[in-house]
Amino acid sequence: MSGPMAQLIRRNLRFSKAFSLSFRMMSSQQEKADVSYTYETLKVTQARDKVLHVELNRPEKRNAMNQAFWREMVECFNKIAQDSDCHAVVLSGAGKVFTAGIDLMDFGGVILQQKGEDPARIAWNVRKKIQEYQETFSVLEKCPKPVIVAFHGACIGGGVDLITACDIRYCTQDAFISVKEVDIGMAADVGTLQRLPRIIGNQSLVNELTFTARKMMSEEAQSSGLVSRVFEDKEAMLKGAFEVASEIASKSPLAVQGSKVNLVYSRNHSVPEGLNYMATWNMSMLQTEDLMKSAMAAMEKKTPRDVVYSKL
């Protein structure tokens with residue numbers, strides 16, 4: 001690009017840099033050098049530049065979801081949402097399987113022993129506890145950083161609730177899912193029944209999986225649209241997930257995170273409502289210096305990896 005338009009972009013970019021330089025200098029000393037992620041059931045590491053790796057980390061229990069897990073997932077992803085050094089997340093499971101789902105020994109004591117002076121009050125407290133558990137996976141959608149889930153082996157019960165709340169789903173050839181809740185005498189209540197129909201788009205198939213608790217193997221998971229890629233093994237899957245996460249993390253955080261917010265919003269609203277929300281969103285976001293930086297990079301035949309975007 002050349003001529004008046006290129007000159008305008010260069011002039012605006014120089015002005016934007018000068019305007020924001022003093023603010024960044026004042027705020028840089030206030031930024032935290034490191035964010036600590038220490039949990040009992042999760043292991044969080046830096047996988048690539050601006051990419052965090054969150055592992056379900058109870059391999060000796062097949063990553064069964066105990067009380068600490070339900071609490072720590074919310075704490076972890078709320079912290080990630082505020083971590084300006086993280087632009088994308090890969091979520092996987094340590095050990096031989098992704099997750100065996102709810103830790104039944106732990107779960108029964110929490111839900112079935114709620115206190116109350118009469119049945120209605122007991123029911124009220126059970127409802128509050130279920131809503132707390134629902135937030136454990138809703139937090140993945142609310143986190144503006146894209147979350148890639150990479151699962152292997154078994155993904156049972158609560159594991160399906162988890163993966164359906166993620167933005168991108170990969171699995172290994174040996175992976176399978178099972179909406180297992182009917183086999184333990186309950187209906188899935190923390191997200192599967194609400195999200196899976198929107199992902200697969202085949203109500204008959206969702207009903208079949210839910211009513212029978214049968215296994216859906218990796219090939220069917222891909223053909224149905226539940227996962228977008230299937231890898232030979234866990235090592236290849238994590239490598240692929242980290243590469244995609246790194247590519248996402250290289251782009252403007254305003255553009256990526258704004259895209260996620262609007263994708264989630266539009267899924268739950270009509271097209272006119274989604275377009276109106278998008279217009280309101282971009283009336284301010286289009287004023288970012290990221291737009292001019294990206295345009296300059298394109299003119300100079302560079303990629304987003306060559307651009308230094310400000311932290312968000």
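Residues numbered from 1 in each chain as written. Predicted model: local features only at pLDDT ≥ 70, side-chain atom pairs only at ≥ 80, totals over all residues. Heavy atoms only, no water.

Caption draft 1: Geometry of the overall build of the chain. In terms of regular secondary structure, the chain is built from twelve helices and nine strands. Partitioning the intrachain contacts of the chain with sequence separation of at least 6 by distance along the chain shows that 70% fall at a separation of at least 24. (Helix = DSSP H or I, 4+ residues; strand = E, 2+ residues; numbered from the N terminus. Contact = heavy atoms within 4.5 Å.)

Caption draft 2: Up close: the environment of Ala187. Structurally, Ala187 is set in the loop between strand 7 (176–178) and helix 6 (192–200). The class of Ala187 is exposed, set by a relative accessible area of 52%. (Buried < 20%, exposed > 50% of the residue type's maximum accessible area, 1.4 Å probe, protein only.)

Caption draft 3: Molecular detail of the sheet that holds strand 5 (residues 154–156). Judged by pairing direction, the sheet is mixed, and its three strands sit side by side in the order 5-7-8 without closing on themselves. Unpaired on one side and paired on the other, strand 5 and strand 8 (216–217) mark the two borders of the sheet. With three bridges joining them, strand 5 and strand 7 adopt parallel strand pairing. Looking at the pairing, Ile156 lines up with Ser178 of strand 7. (Pairing = 2+ DSSP bridges.)

Caption draft 4: Representation of the packing of aromatic side chains. For the coordinates displayed, the defined rule picks out eight aromatic pairs. For the pair Phe98 and Phe151, a centre-to-centre distance of 6.0 Å together with 50 degrees between the ring planes defines the contact as tilted. Linking Phe98 in the loop between strand 3 (88–93) and helix 3 (104–111) with Phe151 in strand 4 (residues 147–151), this pair joins segments that are 53 residues apart in sequence. In this structure, Phe98 and Phe151 share a single accessibility class: buried. (Phe/Tyr/Trp six-rings, centres within 6.5 Å; stacked < 30°, edge-to-face > 60°.)

Caption draft 5: Region of interest: a negative patch on the surface. Together, Asp174, Glu232, Asp233 and Glu235 make up a region of like negative charge exposed at the surface. With respect to the helices, strands and loops of the structure, Asp174 is situated in the loop between strand 6 (168–172) and strand 7. Among the residues examined, Asp174 registers a relative accessible area of 47% and is labelled partly exposed. (Patch = residues over 30% accessible without salt bridge, like charges linked within 9 Å, V, L, I, M, F, W, Y side chains within 5 Å. Areas by Shrake-Rupley, 256 points an atom, 1.4 Å probe, with all protein chains shown as cover. Salt bridge = Lys/Arg side-chain N within 4 Å of Asp/Glu carboxyl O. Lys, Arg positive; Asp, Glu negative; His and termini not counted. Charge placed at Lys NZ, Arg CZ, Asp CG, Glu CD.)

Caption draft 6: Looking closely at the pattern of salt bridges. By the definition in use, this model includes 16 salt bridges. Its salt-bridge partner being Glu75, residue Arg71 comes within 3.7 Å of it at the nearest N-O pair. Within this pair, Arg71 and its partner Glu75 are both found in helix 2 (residues 67–82), separated by four residues, close to a single helical turn. By relative accessible area, which is 45% here, Arg71 ends up partly exposed. A salt bridge links Lys142 to Glu135; its shortest N-O distance comes to 2.9 Å. Taking relative accessible area as the criterion, Glu135 reaches 24% and is therefore assigned partly exposed. Each of Glu141, Arg195 and Arg267 takes part in salt bridges that share partners, so that together they form one network.

Caption draft 7: Fine view of the sheet that holds strand 9 (residues 229–231). Across the sheet, six strands lie side by side as 1-2-3-4-6-9; this open sheet has mixed pairing. Looking at strand neighbours, the two that pair on one side only are strand 1 (42–48) and strand 9, the edges of this open sheet. Taking each pair of neighbouring strands and ignoring which way they run, the sheet shows an average axis angle of 25 degrees. Pairing between strand 1 and strand 2 (residues 51–56): six bridges, direction antiparallel. Note on strand 2: the bridge partner recorded for Leu42 is Leu56. (Axes fitted to C-alpha atoms, helices over the stretch in contact; angles between N-to-C directions.)

Caption draft 8: Geometry of the packing of helix 10 (residues 253–267) against helix 11 (residues 271–285). Where helix 10 contacts helix 11, the axes come no closer than 10 Å and their chain directions differ by 160 degrees. It follows from the interaxial angle that helix 10 and helix 11 lie roughly antiparallel. Along this stretch, helix 10 crosses helix 11, giving a crossing that reads as right-handed. For the pair helix 10 and helix 11, contact is made by Leu254, Gly258, Val261, Asn262, Tyr265 and Ser266 and by Glu273, Gly274, Tyr277, Met278, Trp281 and Met285, respectively. Broken down by class, the residue content of the contact of helix 10 with helix 11 amounts to seven nonpolar, four polar and one charged. (Parallel < 35°, antiparallel > 145°, perpendicular 65-115°, else oblique. Left-handed = near helix turned anticlockwise from the far one by under 90°. Nonpolar A, V, L, I, M, F, W, Y, C, P; charged D, E, K, R; others polar.)

Caption draft 9: Layout of the side chain of Arg169. Within the secondary structure, Arg169 sits in strand 6. No salt bridge is formed by the buried Arg169. Its closest oppositely charged neighbour is Asp167, at 7.3 Å. A polar atom in the side chain of Arg169 sits 2.9 Å from the backbone oxygen of Cys166. A distance of 2.6 Å separates the side chain of Arg169 from the backbone oxygen of Leu226, its partner in a polar contact. Each residue touching Arg169, except ones within four places of it in the same chain, is listed here: Val149, Ile163, Thr164, Ile199, Leu226, Val227, Ser228 and Arg229. (Polar contact = N/O pair within 3.5 Å; in protein donor to acceptor, adjacent residues only side chain to side chain.)

Caption draft 10: Structural view of the nonpolar core. Counting 50 residues, the largest nonpolar core has Phe77, Ile80, Leu140 and Leu162 as its most contacted members. Among the elements that take part in this core, helix 2 stands out by supplying seven residues, more than any other. If you look at the next biggest cluster of nonpolar residues, it comprises 15 residues, including Val51, Met237, Phe242 and Ala249. (Core = buried A, V, L, I, M, F, W, Y, C linked by side-chain atoms within 4.5 Å.)

Caption draft 11: Expanded view of the pairing of strand 6. For strand 6, a buried count of four out of five residues is recorded, marking the element as mostly surrounded by other parts of the structure. Here strand 4 runs beside strand 6; their pairing, made up of four bridges, is parallel. Bridge pairing in strand 6 places Ile148 opposite Ile168.

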